[in-house]
Amino acid sequence: MKPMLFSTVRRIAAPLTALVLAAALSSCGGGDSGSSDSKKSVTLWMYPVIADQAASDAYWKKVETDFEAANSGIDLKLEMQPWANREEKVAAAFSGKKGPDVLLMIPDQIPQYVKSGSLEPIDDVVAPDKDKFLPAAIPGLSVDGKVYGAPIYHTVTSTMYNKTVLAKAGITKPPETWDEIKAAAPKLKAAGFATLDYSAAPEATLNLNFYPLLWQAGGKVFADDGKSVTFNQAPGLEALTFLKSLYDEGAIPKTAIGASNVVADSPFGKGQVAMAMTSVPADVATVTKTWGAANVEIGSPLTGKKQVGFGLPGGLVLNAASDNVDASKKFLSFMMQPAQLDPLSKASGFYSPRNDAKSESTDPNAAKFHDALQYAVPGEPNASARQVMSFLSTEIQAVLTGKKQPQQALDDAAKQANDLLSRQR
């Protein structure tokens, strides 16, 4: 699974709901429960951002030790959580005004909990270091101009090429723009290859397929006020028409209809496609096993009218029901500093969200992904973002399979989305 797909949550069956609720309410640590009056406690729900268990244990143990040494009156209680059933447990905890003081969230989770009043703004925590973060880090964790997340890591995507495939088609310069992709497609088809990998399965997040094309065309998913969608306007039509033309010409594999965002299972990963537009650093290791390192090339995010990629910050949010807001804010401030973020970046493989980060990597591919951070858009946070995405995903499939024309499909998805948004105002 790609690291940034933490936003794609596996749903559990209805019979487990009661068990999830019980677990959330019984394990929550918000407040001073179980601690003495003289020492405050801050409970953190953290997830496997660091995949290696030993490295994760070592990193978070040091965080706990160092924070408590610098804040003798605060007891940091670390509770490691699994990705599985994450949202169900968080929702259950928040609905009961329980849960941890601090926990990890990404941009598309935050708006719904801001709307329900479950999160506390932390503008005062972020303000002293605000100008030291990457362009998308703070905005990606903000809602209506208020900051709700303290950035602790940043993901990034960029374009990856199979040099052997390009060479067999006689292409010496990897396509970097929409026009160059269109020009390369006939040459690649003649050589027996597709041009661009794409994942159109319903479970594939649009942040890793259609939305980057929409942004590159100069469009947006939502209007500035978040009360309606704009993806059915001219830029959206341009993006979907571009996608449809590539699919019809065989420049995108026909298997894209059922493909998810897993590179090992994709035609691209198997060496049948020249390029992928939303690759992550972990994908390099995967394809290297099949292609060999010499055949991998990392480029910049694609350019349409604009040059845009996808990448999101992960941030620590503050539970509005916490009894220890001041102590929790001290922990958030502590976690935002380079002393914590640089080793987290090294251990996790993600990037530091700070623009003054210290990099110890000598891998040229890592440096190219780092360069792509300047073009990263963290999605478009909205409390209804995931429902809107499901509407649009269905309509994009209808276009690719020839059941609808692009404008009709976009308008149909927009009608569903706007109806939903109007009911939630």
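Residues numbered from 1 in each chain as written. Predicted model: local features only at pLDDT ≥ 70, side-chain atom pairs only at ≥ 80, totals over all residues. Heavy atoms only, no water.

Colleague: For this particular structure, what's the right way to read the overall build of the protein chain?
Modeller: Helix and strand counts for the protein chain stand at 16 helices and 14 strands. In summary, the protein chain has a C-alpha radius of gyration of 22 Å against a globular reference of 22 Å for 425 residues, a match within 12%. Here the C-alpha coordinates of the protein chain stretch approximately 75 × 50 × 40 Å along the principal axes. The burial tally for the protein chain puts 53% of its 425 residues in the buried class. Relative to all contacts within the protein chain whose residues are 6 or more apart in sequence, the contacts with residues 24 or more apart total 76%. A total accessible area of about 17800 Å² is found for the protein chain, and carbon and sulfur atoms account for 53% of it. (Helix = DSSP H or I, 4+ residues; strand = E, 2+ residues; numbered from the N terminus. Rg over C-alpha atoms; globule rule 2.2 N^0.38 Å. Buried < 20%, exposed > 50% of the residue type's maximum accessible area, 1.4 Å probe, protein only. Contact = heavy atoms within 4.5 Å. Areas by Shrake-Rupley, 256 points an atom, 1.4 Å probe, with all protein chains shown as cover.)

Colleague: Explain unusual backbone geometry here, please?
Modeller: When glycine is set aside, most residues are seen to have a negative phi, and most peptide bonds are trans. Even without being a glycine, asparagine 85 presents a positive backbone phi close to 60°. Inspection of the secondary structure assignment puts asparagine 85 in the loop between strand E2 (74-80) and helix H3 (86-95). Accessibility expressed as a relative area gives 27% for asparagine 85, which makes it partly exposed. Even without a glycine there, the phi angle at lysine 97 is positive, about 55°. In this fold, lysine 97 is placed in the loop between H3 and strand E3 (102-105).

Colleague: Whenever I open this one, the pattern of salt bridges confuses me. Can you help?
Modeller: The full count for this structure, using the stated rule, is 14 salt bridges. Glutamate 180 is the salt-bridge partner of lysine 173, the closest N and O atoms lying 3.3 Å from each other. Here glutamate 180 falls in the partly exposed class, since its relative accessible area comes to 29%. Note that glutamate 395 and lysine 404 form a salt bridge whose closest N and O atoms lie 2.8 Å from each other. The structure contains a network of salt bridges with shared partners spanning Glu87, Asp108 and Arg386. (Salt bridge = Lys/Arg side-chain N within 4 Å of Asp/Glu carboxyl O.)

Colleague: Looking at this structure, I do not really get the pairing of strand E8 (residues 158-162). What am I missing?
Modeller: Two faces belong to every sheet, and in a regular strand the side chains alternate between them. Of all five residues making up E8, five are buried, and the element is well covered by its neighbours. Relative to strand E10 (residues 273-279), E8 is paired through three bridges, and the arrangement is antiparallel. Residue methionine 160 lies in a different strand from E10, and its bridge partner there is alanine 276. In this sheet, strand E11 (residues 296-298) lies alongside E8 in antiparallel orientation, the contact comprising three bridges. Across the sheet, the residue bridging to tyrosine 161 is glutamate 297, located in E11. (Pairing = 2+ DSSP bridges.)

Colleague: I would appreciate a short explanation of the nonpolar core in the present structure.
Modeller: One broad trend across soluble globular proteins is that nonpolar side chains are buried collectively. Among the nonpolar cores identified, the biggest contains 106 residues, and Tyr198, Phe210, Tyr211, Phe231, Leu316 and Phe331 are the most heavily contacted of them. A per-element tally of this core places helix H15 (residues 385-400) first, with seven residues. Inspection of this core shows a minimum of three residues originating in each of domain 1 (40-154 + 311-377) and domain 2 (158-309 + 383-423). Apart from the residues within four sequence positions on either side, tyrosine 198 is in contact with Asn209, Phe210, Leu213, Leu243, Ile252, Ala256, Ala259, Met277 and Ile396. Val287, Val296, Phe369 and Ala372 belong to the second-largest nonpolar core, a separate cluster that totals 18 residues. (Core = buried A, V, L, I, M, F, W, Y, C linked by side-chain atoms within 4.5 Å. Domains from an automatic or database assignment.)

Colleague: What is the right way to read the pairing of strand E1 (residues 40-46) from this model?
Modeller: Of all seven residues that make up E1, six are buried, and the element is covered over most of its length. Examined bridge by bridge, E1 and E3 share two bridges and lie parallel to one another. Its bridge partner being in E3, tryptophan 45 is matched across the sheet by leucine 103.

Colleague: What am I meant to see in the sheet that holds E10 here?
Modeller: For sheets, the rule is that strands pair by backbone hydrogen bonds, running either parallel or antiparallel. The strand order across the open sheet formed by four strands is E9-E10-E8-E11, and the pairing between neighbours is mixed. Both edges of this open sheet fall to strand E9 (194-196) and E11, since each of them pairs with a single strand only. Across the sheet, the mean angle from the axis of one strand to that of its neighbour is 20°, orientation sign disregarded. Most of the contacts of helix H8 (residues 178-190) go to E9, to which it runs at about 160°, and overall it touches E9 and E10. (Axes fitted to C-alpha atoms, helices over the stretch in contact; angles between N-to-C directions.)

Colleague: Looking at this structure, I do not really get the domain arrangement of the protein chain. What am I missing?
Modeller: Interfaces are frequently sized by the accessible area removed from exposure as the parts join. Domain annotation for the protein chain reports domain 1 (40-154 + 311-377) and domain 2 (158-309 + 383-423). Here the C-alpha centre of domain 2 lies 29 Å away from the C-alpha centre of domain 1. Across the boundary between the two partners, domain 1 contributes 15 residues, which contact 13 residues of domain 2. With both sides pooled, the region where domain 1 packs onto domain 2 buries about 1300 Å², and carbon together with sulfur makes up 62% of that total. Summed over the three residues of domain 1 that lose the most area to domain 2, namely Phe369, Tyr375 and Val377, the buried surface amounts to 45% of that side. Our count for the contact surface shared by domain 1 and domain 2 stands at two salt bridges. Aspartate 108 is paired through a salt bridge with arginine 386; the nearest N and O atoms lie 3.1 Å apart. At the junction of domain 1 with domain 2, the criterion picks out five residue pairs in polar contact (both at pLDDT 80 or more). The set of elements that each furnish at least two residues to the side of domain 1 that touches domain 2 consists of helix H4 (110-115), helix H14 (364-372) and strand E14 (376-377). Here the side of domain 1 that touches domain 2 gets four residues from one element, more than from any other, and that element is H14. (Buried area = accessible area lost by both parts, 1.4 Å probe. Polar contact = N/O pair within 3.5 Å; in protein donor to acceptor, adjacent residues only side chain to side chain.)

Colleague: Whenever I open this one, H3 confuses me. Can you help?
Modeller: Residues lying three or four places apart along an α-helix face the same way, a consequence of the helix completing one turn every 3.6 residues. Taken across its 10 residues, H3 has seven buried, putting it largely inside the fold. Within H3, the full set of buried residues consists of Arg86, Glu87, Lys89, Val90, Ala92, Ala93 and Phe94.

Colleague: Is there a simple way to think about H14 in this case?
Modeller: Taken as a whole, H14 has its buried residues at Asn365, Ala366, Phe369 and Ala372. Considered in projection along H14, the buried side chains sweep an arc of 110° and stay on one side of the axis. On its buried face, H14 sits against E8, E10, helix H11 (281-291), E11 and E14. Put simply, aspartate 363 is the residue that caps the front of H14, since its side-chain oxygen is 2.9 Å from the backbone nitrogen of asparagine 365. (Arc of directions from axis to C-beta.)

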